Amino acid sequence: FIFSAVRMDELLLEMGNLVKLKHIPVAAEPQRGPKVDISFLKVPDQDTELVVQGNESLLKVLFLNLLDNAFKFSADNTARVTIDFFTHNIQIQVRDNGIGIAPDELNKVFEPFYRGANAHATRGHGLGLSICKKIVQLHKGHISASSAPGKGTVFTVILPHA
Ligand code: ATP
Ligand code: MG
C-alpha cells in the first residue's frame, strides 16, 4: 500500500458528504436530511497536526464504514465527528444517538461476519467493522467502541501521525 500525507479534516468532510448522499430518504425535506457535524476539540496550530501518514483510499473506507453504521443504526439522521490531536497521534470519534450495542457484544462487533442482535432490521454482512479494524492495524493505530444501549454509540479511532 502506498502511504502519503493525508489531511484528516478534509478526508472526513469528503466522506461525510458522500455518506449523506447514500442515506437521503426519497423525498426528504432538505432540513431533515442526514447531517454530519464535524468539529475540533481544539483549534489546530498547524496543518501537520491534522496529517496522518497513511493510505488515503483505505482511510476513506474506514470512515465511510463508521459513518454508514452511525446512520444505519440510528433514527435521528445525525452523526457527530470530533477531531482531537496530540503530539504523536490524532483521535477521531464517530458518534451517533442510535440504538446502541449491548455491553457483551462490544468486542465481537469487530469480528468478520458478526452482526449484533440489534442488526436484524438492517442490511449488511457484518464485514464493515472487521475491515475497519484491519485498516487501523495497518496504520499501527487503535479502534474501540463504547455504547449506551438505547442512547448511542461512539467509535474511537487513534492514528499515529507517522
Ligand atoms: P456491513 O458493514 O457489512 O454492511 P454491518 O453494518 O451489519 O454490515 P459491521 O459494520 O461490521 O456490520 O457492524 C457489525 C455489527 O455491529 C452490526 O451488525 C451492528 O450490530 C453493530 N454496530 C455497528 N455499528 C453500530 C452503531 N453505530 N450502532 C449500533 N450498532 C452498531
Ligand atoms: Mg457496517
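So, a few notes on the structure that sits alongside this text. (Residues numbered from 1 in each chain as written. Chains lettered and ligands numbered in written order. Predicted model: local features only at pLDDT ≥ 70, side-chain atom pairs only at ≥ 80, totals over all residues.)

### Here's the deal with the overall build of the protein
The helix and strand inventory of the protein stands at three helices and seven strands. Along the protein, from the amino end to the carboxyl end, the secondary structure elements read β-α-β-β-α-β-β-α-β-β. Taken against the 2.2 N^0.38 rule, which gives 15 Å for 162 residues, the C-alpha radius of gyration of the protein at 15 Å falls within 12% of a compact globule. Taking the principal axes of its C-alpha atoms as reference, the protein extends roughly 40 × 35 × 25 Å. Among the 162 residues that make up the protein, the fraction classed as buried is 28%. Pairs at least 24 residues apart make up 67% of the contacts formed inside the protein by residues separated by at least 6 positions. (Helix = DSSP H or I, 4+ residues; strand = E, 2+ residues; numbered from the N terminus. Rg over C-alpha atoms; globule rule 2.2 N^0.38 Å. Buried ≥ 20, exposed ≤ 12 C-beta atoms within 10 Å, placed from the backbone. Contact = placed C-beta atoms within 7 Å.)

### Re helix α2 (residues 56-72)
Within an α-helix, residues lying three or four positions from one another point in the same direction, as the helix has 3.6 residues per turn. Taking 1.5 Å per residue as the helical rise, α2 with its 17 residues ought to reach 24 Å, and the 24 Å between its terminal C-alpha atoms agrees with that figure. Burial in α2 covers these residues: Leu-59, Leu-62, Phe-63, Asn-65, Leu-66, Leu-67, Asn-69, Ala-70 and Phe-71. (Expected span 1.5 Å × (residues − 1).)

### Some remarks on the site of ligand 1
Around ligand 1 sit 23 residues in total, of which Phe-73, Gly-116, Ala-119, Gly-124 and Gly-128 are the nearest. Looking at the shell around ligand 1, the elements with two or more residues in it are α2 and α3 (128-138). Tallied by class, residues from the shell around ligand 1 come to nine nonpolar, twelve polar and two charged. (Near = placed C-beta within 6 Å. Nonpolar A, V, L, I, M, F, W, Y, C, P; charged D, E, K, R; others polar.)

### Some remarks on the pairing of strand β7 (residues 152-160)
In the sheet, strand β5 (residues 89-96) pairs with β7 via eight bridges, with the strands oriented antiparallel. Opposite Gln-91, over in β7, you have Ile-158 as the bridge partner. Of the strand pairs in this sheet, strand β6 (residues 142-148) and β7 are connected by seven bridges, and their pairing is antiparallel. If you follow Ser-147 over to β7, its bridge partner there is Thr-153. (Pairing = 2+ DSSP bridges.)

### What about the nonpolar core?
Ranked by internal contacts, the top residues of the largest apolar core, which has 30 residues, are Leu-66, Leu-67 and Val-94. The leading source of residues in this core is α2, at seven residues. Those residues within four positions of Leu-67 in sequence are excluded, and the remaining contacts are Met-15, Gly-16, Val-19, Val-36, Ala-79 and Val-94. (Core = buried A, V, L, I, M, F, W, Y, C linked by C-beta atoms within 7 Å.)

### Thoughts on helix α1 (residues 8-22)
Its 15 residues give α1 an end-to-end C-alpha distance of 21 Å, which sits within 8% of 21 Å, the value for a rise of 1.5 Å per residue. Turning to α1, its buried residues are Met-8, Leu-12, Met-15, Gly-16 and Val-19. Looking straight down α1, one finds its buried side chains confined to an arc of 110°; they lie on one side. Residues of α1 that are exposed and point over 90 degrees away from its buried face: Glu-10, Asn-17 and Leu-21. The inward-facing, buried residues of α1 contact β1 (4-7), β2 (35-40), β3 (51-54), α2, β4 (78-85) and β5. (Arc of directions from axis to C-beta.)

### Side note on the sheet that holds β4
Here five strands make up an open sheet; going across it, the order is β2-β4-β5-β7-β6 and the pairing mixed. Only two strands of the sheet have a single partner each, and these edge strands are β2 and β6. The sheet shows a mean angle of 15° between the axes of neighbouring strands, direction not considered. When β2 meets β4, the two strands line up parallel, connected through six bridges. Pairing of Ile-38 across the sheet is with Val-81, part of β4. (Axes fitted to C-alpha atoms, helices over the stretch in contact; angles between N-to-C directions.)

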